[in-house]
Each structure stands twice: as structure tokens, then as C-alpha cells.
Amino acid sequence: MQDTPGTPTKPTIADLLHDIVDEMLTPFGKKSERWNTLLTEVSPPFDVSKPNQHDSKRAFRREELAVRQAAEQAKALLDLFAPPDTDAVLKALSGELLPRLDEKIRERVHRIGLDTPTALVRKNAAAVGPTHVAAFMCFDLWVALEGRLRELEEQEERFWNVSHRPPDHHAREIALRLARLFARETGQHPTLGTSPVDGSPSTSFSRALARVFEVLEITANHRGPAEWAVAQLTEEDIEPPKNTIGGLLGLGVPPQRNALAEIASMMAPQERDGS
């Protein structure tokens, strides 16, 4: 639905958050930086997403099980592409089977057209060696699944493996992000305070956080998350190290591996403990 000409446009959540940050930083001579992206009109002044990616432990367990099973299946397929040296039977099967699979895949792919980018990729893969390419794609998928599984294990420890009622992680994370923004822009630790008259927040940071919670519809009281967030700040949050990107310059790209046998050596450092 388009706005009627002359009717003020309703501010977005990003607009409201920028206004709040502007008011917080005004006493320090600073202003919230607004920027546009390709997909949104204005981005928020800080990340407002939830740190816990699942709304329930059941949803968490569902993804954990799916990722764990997929990782196991990808690993089993990798063992066919690049069998361990200790498994002579599997090595013999792989040596006989993979060339036959290459032939069958080439026969099938030869009949498809070149009307889509995917078709072109499939034809190129068939020309290079279908099982060769599939091995590396399977390896990349396995590494990604293992990485995601480690992330889920970290999330379980942080969000779900608690014997007491967990804190409001979203409220804490929003408070920490705003506190870091304040520290980065002002070079000072944010302070907390309440009015002796009505108990309302009395510092620029605490007032801003209370308003941010309202905009994001976070029902937690701002005081507890604010105290936790300020306690997490370090000197690097106040004075970020300079030239941090300099150490990333000049990094070379490792040479591309071009043999199925090298998959095995690539897998070794990726193995999880006990697997």
C-alpha cells in the first residue's frame, strides 16, 4: 500500500533506533551514522538479531540431530571417494566403482542443454571428472556441517544446558551491542543511573537502552541487562586496536589440490575428537 502524497512516512525500526542513538550521542558531539544497503533502505545502527537462533529447545534439538546425521552421511560418502589406507576392501571398491560412475554421469550429462548456469556447471564437472568434483564438493559440505555442529554445541552450552532459568539473552545482547557502540563512539564507559524522583533512567545510555527495548518489544527491565553489558566491556571496546585489518593483507591463497587422494589428507585435521 502506497502512502498518500503529502502524508508523512511512518518511521521504520531502523529510523527509530538511529534517532535514539543520535540523542544518546548528542552530548558527546557525535551522531549515528546512517547508511543504505542494496536490500534495505536504512540499516539499524547496531545488530538487533537474536543471539540464540532457536525459539525452543525442541527446535534446537531438531536442527542438531539433522546436522549430526548429515555430517555422518557426508563422511561415509567421503570414505568411498577417498578410502582410508587401512581399508583395503573399500579402496579396491573405490578404484573399480568411481571410473564406472564417471562414465555413467558423462553419458547422462552429455544429453542436457546449456540453457542454465547450473547445466553449464554440470557439464564442466563431467568434463573435469564427476566423482573428482563431487569428492571436493562433498568435502566442503562435510566441513561446513562439522562447523555448524560445533556452533550448535557452543549454543547448547550457552543457551540450553542450564539448570536454572536462563537469562534473557536477547536483552543482554542488545544491551551489550549498544554499550559497545557508546564506548566506541565516545571513548568512555557508559554509566547507569536512575532518577530519585520516579526511578526512570537518568543517564544517556540507560535512557537510550530503555527506549531501544520499547522499540524492539523486549519486555525485560533494562537495568539488569545494562549492568551485565557494562561489566563485559574491555579496554579494546573503549579504544579499539588500530590497523587491525593490516594483518589480513597479503595472505596468500593455498594452491588448489587436484587429486582425489589428497582429500584424505585434507580430512585428517578436520576430524572431530572421538570420531
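Structure: above.
Residues numbered from 1 in each chain as written. Predicted model: local features only at pLDDT ≥ 70, side-chain atom pairs only at ≥ 80, totals over all residues. Heavy atoms only, no water.

Undergrad: Report on the environment of lysine 104, specifying residues and quantitative values.
TA: Inspection of the secondary structure puts lysine 104 in helix H3 (residues 88–109). What makes lysine 104 exposed here is its relative accessible area of 57%. Sequence spacing of lysine 104 and proline 130 is 26 residues, and the spatial spacing of their C-alpha atoms is 9.6 Å. (Helix = DSSP H or I, 4+ residues; strand = E, 2+ residues; numbered from the N terminus. Buried < 20%, exposed > 50% of the residue type's maximum accessible area, 1.4 Å probe, protein only.)

Undergrad: Run through helix H4 (residues 117–128), naming residues and quoting values.
TA: Compared with an ideal rise of 1.5 Å per residue, which puts 12 residues at 16 Å, H4 spans 17 Å between its outermost C-alpha atoms and is within 8% of the ideal. When we look at burial in H4, the residues that qualify are Ala119, Ala125 and Ala126. Summarising the axial view, the buried residues of H4 lie within an arc of 125 degrees, below the 170-degree limit, and thus occupy one face. More than 90 degrees from the buried face of H4, the exposed residues found are Pro117, Val121, Ala127 and Val128. Elements that come into contact with the buried residues of H4 comprise H3 and helix H5 (130–160). Glycine 129 lies just past H4 and shows a positive phi near 140 degrees. (Expected span 1.5 Å × (residues − 1). Arc of directions from axis to C-beta. Contact = heavy atoms within 4.5 Å.)

Undergrad: Any details on the side chain of aspartate 102? Residues and values, ideally.
TA: Structurally, aspartate 102 can be placed in helix H3. Buried and without a salt bridge, aspartate 102 has arginine 106 as its closest oppositely charged side chain, separated by 4.7 Å. With sequence-adjacent residues up to four places away left out, aspartate 102 is seen in contact with Gly129, Pro130 and Thr131. (Lys, Arg positive; Asp, Glu negative; His and termini not counted. Salt bridge = Lys/Arg side-chain N within 4 Å of Asp/Glu carboxyl O.)

Undergrad: So what's going on with the nonpolar core? Residues and values would help.
TA: Residues Met24, Ile174, Leu178, Phe205, Leu209 and Val212 are the most contacted members of the largest nonpolar core, which totals 27 residues. Within the residue set of this core, elements represented by two or more residues are helix H1 (13–25), helix H6 (169–186), helix H7 (204–215) and helix H8 (223–232). It is H6 that contributes the most residues to this core, 9 residues altogether. Contacts of leucine 209, omitting those with residues within four sequence positions, involve Ile174, Ala175, Leu178, His222 and Ala226. Ala71, Leu78, Cys138 and Phe159 belong to the second-largest nonpolar core, a separate cluster that totals 16 residues. (Core = buried A, V, L, I, M, F, W, Y, C linked by side-chain atoms within 4.5 Å.)

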